[in-house]
Amino acid sequence: MYAVIGAGPMGLAAARNLQKQGIAFTGLELHNDVGGLWDIDNPHSTMYDTAHLISSKRMTEFSEFPMRESVAFYPHHSELRKYFRDFAEHFGLKAHYEFATRVISMEPEGSGWRLVSESNGEQQSRLFDGVLIANGTLHTPNMPKLPGEFAGKLMHSSEYRSPAVFQGKRVLIVGCGNSGADIAVDAVHHAASVDISLRRGYYFLPKFLKGRPIDTLGGKLKLPRPLKQRMDAAMIRMVIGKPSDYGLPDPDYRMYESHPVVNSLVLHHLGHGDIKPRRDIRQIDGHTVTFTDGESADYDLILMATGYLLDYPFIDRQHLNWPAGHDAPQLYMNVFHPQYDNLFMMGMIEAAGLGWEGRNQQAKLVALYIREQQQGSAAAKAFKQIKQERAGVNLDGGYEYIKLARMAYYVNKDAYLQALKTHIDELEAPPAEPAAAKAAHA
């Protein structure tokens, strides 16, 4: 019996693939239903009222369970909650889950894992053959220390739910990832003023180009990496210009070496003066914030859109091959532990365009590896050696990702999908016929 921790998109993909392979499992979910962060009623969700998917539905959905035609190109979070609930219902996955159950701890014991969980105030200790950790990566806010003391309201984007919090306030957004850009656009319609402070530049992409979701364009012609970076960056400059045209810093890295911001509305509001660009923060004194260019302004609310830190509080870092000084566990394909053959980190991965189907293929590989281990196949033994030798090797496709904590588990989609396909094909291949048997058939 295996344990699956989490019932968000990755947990459901893991559960579905174990189900396909006939591998017994129990799911453990902190909330009372499936959907993970896409269920805004989940107390641990970081969703906000206006949130939509930043990749298009056809590039994101599970291939065996497409979203309805009536669903928008970029669905609202409520549509996605329904999608995951329908997915779990359709494949009968809920029956495998224990809901309202918190994982307290897990430790290796013998050939398995001793897992302690808690539900309704009662703890339960069980020994599982293995564990698939799929509790997500967007739970623990990254809250950098600010230089000085702020006298107004300070909050992280994880706390943000409704733009009503901005009503009549002078607002400073710090950071401009996809959530930060969304929230800045929300604030425009409610706040007295909205400024946005950026330490570094971002590449901004429109959601639509030529009437189609931007992530559905291109890809048919595989270009050399440097050429693709130059051509795509030139195309975006031609369509929307450079960030510096809107008062923002230009990126000091090449395209695709960090996750782009898929939001052109923030540029629209910058161009109309609804949002004022600011540099990095130098000092805070009461309500007054001074920036590195010497300018200063007063604010009532600072919202930190500064991302998240990986956090798995129920397992010791040493069991995740997570050395001090590293921003993420050192695992093969961000999944496979070099020593433990029954511990899998599911969904600790980011890549532009990977979608849930890419993560579903990750879950398929894990389920196949478990199956082949149970059968003692030569393919499983070969893969075991590979994961030992390549733990911590990043499948970056030659891209030089910027050195940030949020990029520590970023991969190149094409390189990652190719590795998945190669290993899946190897594990699905029929056993080679012994030479003696071949001779007998000759």
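Residues numbered from 1 in each chain as written. Predicted model: local features only at pLDDT ≥ 70, side-chain atom pairs only at ≥ 80, totals over all residues. Heavy atoms only, no water.

(A) Broad picture of the sheet that holds strand S1 (residues 2-5). If you walk across this open sheet you meet the five strands as S3-S2-S1-S7-S23, and the pairing is parallel. Every interior strand has two partners, whereas the edge strands, strand S3 (97-98) and strand S23 (343-345), have only one. The sheet contact formed by strand S7 (residues 130-133) and S23 spans three bridges and is parallel. Each residue of the ladder has a partner; that of Val131, found in S23, is Leu343. (Pairing = 2+ DSSP bridges. Helix = DSSP H or I, 4+ residues; strand = E, 2+ residues; numbered from the N terminus.)

(B) Up close: the nonpolar core. Judged by nonpolar contacts, the single largest core of 101 residues is most densely connected at Leu132, Phe336, Phe344 and Met346. Setting aside its immediate chain neighbours within four residues, Phe336 contacts Leu331, Phe344, Leu365, Val366, Tyr369, Phe383 and Lys387. Counting residues in hydrophobic clusters, the runner-up holds 22 residues, among them Ile5, Ile133, Leu343 and Tyr409. (Core = buried A, V, L, I, M, F, W, Y, C linked by side-chain atoms within 4.5 Å. Buried < 20%, exposed > 50% of the residue type's maximum accessible area, 1.4 Å probe, protein only. Contact = heavy atoms within 4.5 Å.)

(C) Up close: the pairing of strand S18 (residues 281-286). Here strand S9 (residues 148-150) pairs with S18 via three bridges, running parallel. When the bridges of S18 are listed, Gly148 appears paired with Ile284. Across four bridges, S18 lies against strand S19 (residues 288-291) in antiparallel orientation. In the sheet register, Asp285 faces S19, and the bridge partner there is Thr288. Counted between consecutive antiparallel strands, the loop separating S18 from S19 contains one residue.

(D) Focus on the packing of helix H6 (residues 355-375) against helix H7 (residues 378-390). Close contact between H6 and H7 brings their axes to 9 Å; oriented N to C, the two are set at 125 degrees. Comparing the axis directions of H6 and H7 gives the class oblique. Of the residues in H7, those touching H6 at Leu365, Tyr369, Glu372 and Gln373 are Ala380, Phe383, Lys384 and Lys387. Looking at the contact of H6 with H7, its residues break down into four nonpolar, one polar and three charged. (Axes fitted to C-alpha atoms, helices over the stretch in contact; angles between N-to-C directions. Parallel < 35°, antiparallel > 145°, perpendicular 65-115°, else oblique. Nonpolar A, V, L, I, M, F, W, Y, C, P; charged D, E, K, R; others polar.)

(E) Highlighting the packing of H6 against helix H8 (residues 413-428). Viewed as axis vectors pointing N to C, H6 and H8 meet at an angle of 30 degrees, and their least axial separation amounts to 10 Å. Relative to H8, the element H6 is oriented roughly parallel. Crossing hand, H6 versus H8: left-handed. Of H8, the residues touching H6 (which contributes Gly358, Gln361, Gln362, Lys364, Leu365, Leu368, Tyr369, Arg371 and Glu372) are Tyr416, Leu417, Leu420, His423, Ile424, Leu427 and Glu428. (Left-handed = near helix turned anticlockwise from the far one by under 90°.)

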